[in-house]
Number of protein chains: 2
Amino acid sequence: MEYRISDKMANLKPSAIREIFKSLSDPTMISFAAGNPSPLSFPAEALGEISADIFKNESTVALQYGITEGYPKLRAAVAERLKAKFAIGRDFDETIITTGGQQGIELACKALCNEGDVVICENPSFIGALNAFRSNGAELVGVDLKDDGIDTDKLEEVLKNTPNAKLLYLIPTFHNPAGITSTLENRKRVYELAKKYSIVILEDNPYGELRFAGEDVPTIKSFDTEGLVIYCSSFSKILSAGMRVGFVCGPNEVVQKMVVAKQVEDVHTNNFFQMLCWRFMNDCDMDGHVEGIRALYRQKCGLMLSEMDKHFSKKVKFTRPEGGLFLWCTLPDGCDSAPFVKEALARKVAVVPGTAFNADTEAKSDSFRLNYSTPSDEDIVKGIEILGKLTVEMFGE
Amino acid sequence: MEYRISDKMANLKPSAIREIFKSLSDPTMISFAAGNPSPLSFPAEALGEISADIFKNESTVALQYGITEGYPKLRAAVAERLKAKFAIGRDFDETIITTGGQQGIELACKALCNEGDVVICENPSFIGALNAFRSNGAELVGVDLKDDGIDTDKLEEVLKNTPNAKLLYLIPTFHNPAGITSTLENRKRVYELAKKYSIVILEDNPYGELRFAGEDVPTIKSFDTEGLVIYCSSFSKILSAGMRVGFVCGPNEVVQKMVVAKQVEDVHTNNFFQMLCWRFMNDCDMDGHVEGIRALYRQKCGLMLSEMDKHFSKKVKFTRPEGGLFLWCTLPDGCDSAPFVKEALARKVAVVPGTAFNADTEAKSDSFRLNYSTPSDEDIVKGIEILGKLTVEMFGE
């Protein structure tokens, strides 16, 4: 049988990150490649206690079909938290639960884009989102990131020349992979451009709660007076990644279409973990718990940076993040990072090459991504020394 | 802001069943409308015990990101059970875990269909699947069901005249909504046609384990020597619907593309329930548990049928299912079922009109669907009496 694969899927390769993730079965490999939250960030004991209570007293609801929009108590609690902590949500907005933040991104594209329509994104950007857009047959146009956020002059050029651009995908806070948090001025300019060119912004904010230094910058959604912004986030980085519970807050008219699309993708997000999230928000100290995760990542990021300061060639540049899970390293003189990443892997340290995050899959990259949330402190020290030596060998002190 | 919704989603209405499901908050309403398994079919106590053990001993795996293809132990156990009980799975096949059976259906379409391609389905068919195909921009062509299964003469006509038909979607066993189980001869003829016209069959079998009378008929997948069949099923009807764990067994080449599509939809299915399913399969008596569900539905279906025999107008025809969750009723003389369904709702009995299951959304239907797994015995007796009286009022004894 010769299978006729759809055009949109025929050329879509599995994410390099997931492939690396699978290859990490080698126990001697030190991995800075994953995007996993630290297992220490899961409040396993509290979740176990709530879980026992749900099985004892509410098992029928937990195990039966639920509503596509989400478990009503969790929806209300999420909407309330978004409002109270981030000033997110207006009368025209609706909050729904999704199967991880990933599903919110995919549904937004499905609701808005026909095959051949354009999604504008930062370059580099989150591979999972880029592939979600590709899987819907959308074309990607990448706009370079500058230190203060997406290059707004270039963005306007693209908006002016791309009438079938339907979505502007941004990770303004603790950008994955580039580690940048865009400035308020940049965000306001982006919003004005979106308004001028009538394009919907998809603001992805999975790391927003993980600030361990500096001051919060208001989300774009918080000043969305026109209903231009779909905001996506999740519990993956603050409660558990494996339970697959995320949420979307966006203009009702678009969110209703996302609900219909969700209904035919997975009917609803598993009830049990929606109930668990709600109970944790209601019964436990969510803010205190998040504060603990921040302290953990402050320490791990600090350790990685201090080891890099010690061992890395001075010619390699890297970000000094104020939150999130990632560091972004750039090799000197536009040097292609692929051979570096390959040699690092041979020396048993896994990092993700920048090419994995490019809108244009043919383009090269001079950068690579490091994760500090998953590895142990010991592995951070050991792995950074190995990488550092390699940078010195390749580029000098 | 004027939102530009994608063409594929602009015309897709929320499923009538889900809308009815939401309206059932009226506690005086008797619902035969849902497709829910009986809460008595959930082994809540055993699942609670396993759950406690997972939280105690394996919480990190349960709460961390997992592999898109599924929890390895569960994949292996599902593949083994499919092989042992249904003779399903050959060297060219791959088994993966999906977020409910629904996701398997949607991914198959995404992997194979461009916008405008055709999916051939039985008419009527499962609304969730039809909308999944529509949400991918596929066109639907319905082929009428006869008593022995899909009309194979009409099917060949369609196959001959539809070069861009990419998928043939079938529910051969305990069809939803029509209750029919196709004969072995029909299945073999369908398979030969698929081979002749090089089309992939999507065999949806969520109810296959729920036979409470008669003899099993081999699945189409069991005689799939050519790799033509993608087989979808789930744990929703035998362990829990709310946990959203399903599975797919199909030719590796297509399944690999479905994995990539799944990766960008929800990364992976929640780990915890995958572990729970595996543990239940491994530690508990799955076959004995399923036998208990069969006995339950044998009794509930029998009760509904005997009450219908008592109260329904003899002019209304209905199926006598040997398994599954549904009865299909057909009004006399091609009478439109919509006014009947509306009047039943006014009398506080909810059923689903046949129009909800049509490939052609403009077409009328002379039928409606009854579910016997969800309502209590008391409600079955009470609700069928009300419906029966209505049939007699409208069509005579």
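The coordinates are above.
Residues numbered from 1 in each chain as written. Chains lettered and ligands numbered in written order. Predicted model: local features only at pLDDT ≥ 70, side-chain atom pairs only at ≥ 80, totals over all residues. Heavy atoms only, no water.

Chemist: Run through the pairing of strand S8 (residues 229-234) of chain A, naming residues and quoting values.
Modeler: Residues and elements named next belong to chain A. The buried count for S8 comes to six of six residues, which makes it a mostly enclosed element. Residues Val 229, Tyr 231 and Ser 233 line one face of S8 and the alternating positions Ile 230, Cys 232 and Ser 234 line the opposite face, and both faces are buried. Here strand S7 (residues 200-204) pairs with S8 via four bridges, running parallel. Bridge pairing in S8 links Leu 202 to Ile 230. (Buried < 20%, exposed > 50% of the residue type's maximum accessible area, 1.4 Å probe, protein only. Helix = DSSP H or I, 4+ residues; strand = E, 2+ residues; numbered from the N terminus. Pairing = 2+ DSSP bridges.)

Chemist: Give me the lowdown on the sheet that holds strand S6 (residues 165-170) of chain A, citing residues and values where you can.
Modeler: All names here are of chain A. Strands sit in the order S2-S9-S8-S7-S6-S3-S4-S5 across an open sheet of eight strands; the sheet is mixed. Edge positions in the sheet fall to strand S2 (93-98) and strand S5 (149-150), since each of these pairs with one other strand and no more. Examined bridge by bridge, strand S4 (residues 139-146) and S5 share two bridges and lie antiparallel to one another. Bridge pairing links Leu 145 to Ile 150 in S5. Contacts from helix H9 (residues 184-196) reach S5, S6, S7 and S8, with the element oriented near 145° to S7. (Contact = heavy atoms within 4.5 Å. Axes fitted to C-alpha atoms, helices over the stretch in contact; angles between N-to-C directions.)

Chemist: How would you summarise the interface of chain A and chain B if you had to cite specific residues and measurements?
Modeler: Taken together, the 85 residues of chain A in the interface contact 85 residues of chain B. When the two sides are added together, the surface that chain A and chain B hide from each other amounts to roughly 7100 Å², 58% of it contributed by carbon and sulfur. Considering only the side of chain A, the residues that lose the most area to chain B are Tyr3(A), Arg4(A) and Tyr65(A), jointly responsible for 11% of the buried surface there. Summed over the shared surface of chain A and chain B, the result is two salt bridges. Between Glu106(A) and Lys110(B) there is a salt bridge, with the nearest N and O atoms lying 2.9 Å from each other. Applying the counting rule to chain A against chain B returns 40 residue pairs in polar contact (both at pLDDT 80 or more). The element contributing the most residues to the side of chain A that touches chain B is helix H10 (residues 252-266) of chain A, with nine residues. When the residues that make up the side of chain A that touches chain B are grouped by side-chain class, the tally is 38 nonpolar, 29 polar and 18 charged. (Buried area = accessible area lost by both parts, 1.4 Å probe. Salt bridge = Lys/Arg side-chain N within 4 Å of Asp/Glu carboxyl O. Polar contact = N/O pair within 3.5 Å; in protein donor to acceptor, adjacent residues only side chain to side chain. Nonpolar A, V, L, I, M, F, W, Y, C, P; charged D, E, K, R; others polar.)

Chemist: Residues and numbers for the packing of helix H3 (residues 44-57) of chain A against helix H11 (residues 271-283) of chain A, please.
Modeler: Residue and element names in this part refer to chain A. As a packed pair, H3 and H11 sit with axes 10 Å apart at the nearest point and diverge in direction by 120°. Of the possible angle classes, the one that applies to H3 and H11 is oblique. Along this stretch, H3 crosses H11, giving a crossing that reads as right-handed. Facing Ala 46, Leu 47, Ile 50, Ser 51, Asp 53, Ile 54 and Phe 55 of H3, the residues of H11 in contact are Phe 272, Met 275, Leu 276, Arg 279 and Phe 280. A breakdown of the residues in the contact of H3 with H11 according to their chemical character gives nine nonpolar, one polar and two charged. (Parallel < 35°, antiparallel > 145°, perpendicular 65-115°, else oblique. Left-handed = near helix turned anticlockwise from the far one by under 90°.)

Chemist: Mind laying out the relation of the copies chain A and chain B, listing which residues take part and the relevant values?
Modeler: For the pair chain A and chain B, the relating rotation is 180°, the translation along its axis is 0.0 Å, and the fit reaches an RMSD of 0.0 Å. On this basis, the relationship between the two copies can be described by a two-fold rotation axis. Of every C-alpha in chain A, the one belonging to Ala52(A) sits nearest the axis of rotation, 3.2 Å from it. (Least-squares fit on C-alpha atoms with pLDDT ≥ 70 in both.)

Chemist: Any chance you could break down the pairing of strand S14 (residues 367-371) of chain A for me, citing the residues and the numbers?
Modeler: Residue and element names in this part refer to chain A. The buried count for S14 comes to five of five residues, which makes it a mostly enclosed element. Because side chains alternate across S14, one face comprises the buried residues Ser 367, Arg 369 and Asn 371, and the other comprises Phe 368 and Leu 370, equally buried. Strand direction decides the pairing type here: strand S11 (residues 326-330) and S14, joined by five bridges, are antiparallel. Paired with Phe 326 across the two strands is Asn 371, which belongs to S14. Here strand S13 (residues 352-353) runs beside S14; their pairing, made up of two bridges, is antiparallel. Residue pairing across strands places Val 352 opposite Arg 369, the latter belonging to S14.

Chemist: Describe the packing of aromatic side chains, listing the residues and the values that go with them.
Modeler: Summed over all chains, the structure comprises 24 aromatic pairs over all chains. For the ring pair Phe312(A) and Phe318(A), a centre distance of 5.9 Å and an interplane angle of 85° mean the geometry is edge-to-face. With respect to burial, Phe312(A) and Phe318(A) carry one shared label: buried. Consider the rings of Trp328(A) and Phe357(A), whose centres lie 5.8 Å apart with planes at 75°: the pair is edge-to-face. Here the residue Trp328(A) occupies a position in strand S11, and Phe357(A) occupies one in the loop between S13 and S14, the gap between them amounting to 29 residues. Just as Trp328(A) is buried, Phe357(A) falls in that class too. Aromatic ring contacts, followed pair by pair, group Phe55(A), Phe272(A), Phe273(A), Phe55(B), Phe272(B) and Phe273(B) into a single cluster. A cation sits over an aromatic face here: Lys188(A) above Phe223(A), 5.7 Å from the ring centre. (Phe/Tyr/Trp six-rings, centres within 6.5 Å; stacked < 30°, edge-to-face > 60°. Lys NZ or Arg CZ within 6 Å of the ring centre and 35° of its normal.)

Honestly, that's just the spatial picture; any functional story needs more than this.
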